[in-house]
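Examination of the molecular architecture
Residues per chain, in single letters:
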Amino acid sequence: AGAQLEALYPVSAILDGVGLNMTVMSYRDHMDFGIIADRDQVDDTWVLLERTREALDELEQVYVGRTKRPRARAGA
């Protein structure tokens with residue numbers, strides 16, 4: 001009906017014995033990450049998210065030779 005999807009917020013579950021779940025969904029020209037963690041096993045998921053973002057920027061620069069792109073707004 002003409003509506004445009006702006007972002008996906010993938011969410012999954014932590015099962016017994018699993019301390020971290022990263023779910024990745026792609027749509028058009030971007031990827032969206034959902035990180036769910038057991039706080040007793042993973043201290044700070046924001047650090048994990050930031051390092052993942054830096055690694056993807058580095059991969060993009062090496063693989064496609066692009067310069068840094070503007071950051072998408074942070075999700076919930």
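Cut-offs and rules
- Residues numbered from 1 in each chain as written.
- Predicted model: local features only at pLDDT ≥ 70, side-chain atom pairs only at ≥ 80, totals over all residues.
- Heavy atoms only, no water.
- Helix = DSSP H or I, 4+ residues; strand = E, 2+ residues; numbered from the N terminus.
- Polar contact = N/O pair within 3.5 Å; in protein donor to acceptor, adjacent residues only side chain to side chain.
- Contact = heavy atoms within 4.5 Å.
- Buried < 20%, exposed > 50% of the residue type's maximum accessible area, 1.4 Å probe, protein only.
- Expected span 1.5 Å × (residues − 1).
- Arc of directions from axis to C-beta.

1. Some points on the side chain of Asn-21
- Tracing the backbone shows Asn-21 in strand E1 (residues 20-27).
- Among the polar contacts listed, one links the side chain of Asn-21 to the side chain of Thr-23, at a separation of 2.8 Å.
- Aside from chain neighbours lying at most four places away, what touches Asn-21 is Ser-12, Ala-13, Ile-14, Gly-34, Ile-35 and Ile-36.

2. So, unusual backbone geometry
- A positive phi angle, near 55 degrees, is found at Arg-28, a position not held by glycine.
- Relative to the helices and strands, Arg-28 resides in the loop between E1 and strand E2 (30-37).
- Residue classification places Arg-28 among the exposed residues on the basis of a relative accessible area of 69%.

3. Considering helix H1 (residues 45-64)
- With 20 residues, H1 ought to run about 28 Å at 1.5 Å a step, and its terminal C-alpha atoms sit 28 Å apart, in line with that.
- Along H1, the residues classified as buried are Thr-52, Asp-57 and Glu-60. Buried residues of H1, seen end-on, are gathered within an arc of 140 degrees and therefore sit on one face of the element. More than 90 degrees from the buried face of H1, the exposed residues found are Glu-58, Leu-59 and Val-62.
- Looking at the buried positions of H1, the neighbouring elements they touch are E1 and E2.
- Capping of H1 at its N-terminal end is provided by Asp-44; its side-chain oxygen lies 3.0 Å from the backbone amide nitrogen of Trp-46.
- At the C-terminal side of H1, Gly-65 shows a positive phi close to 70 degrees.

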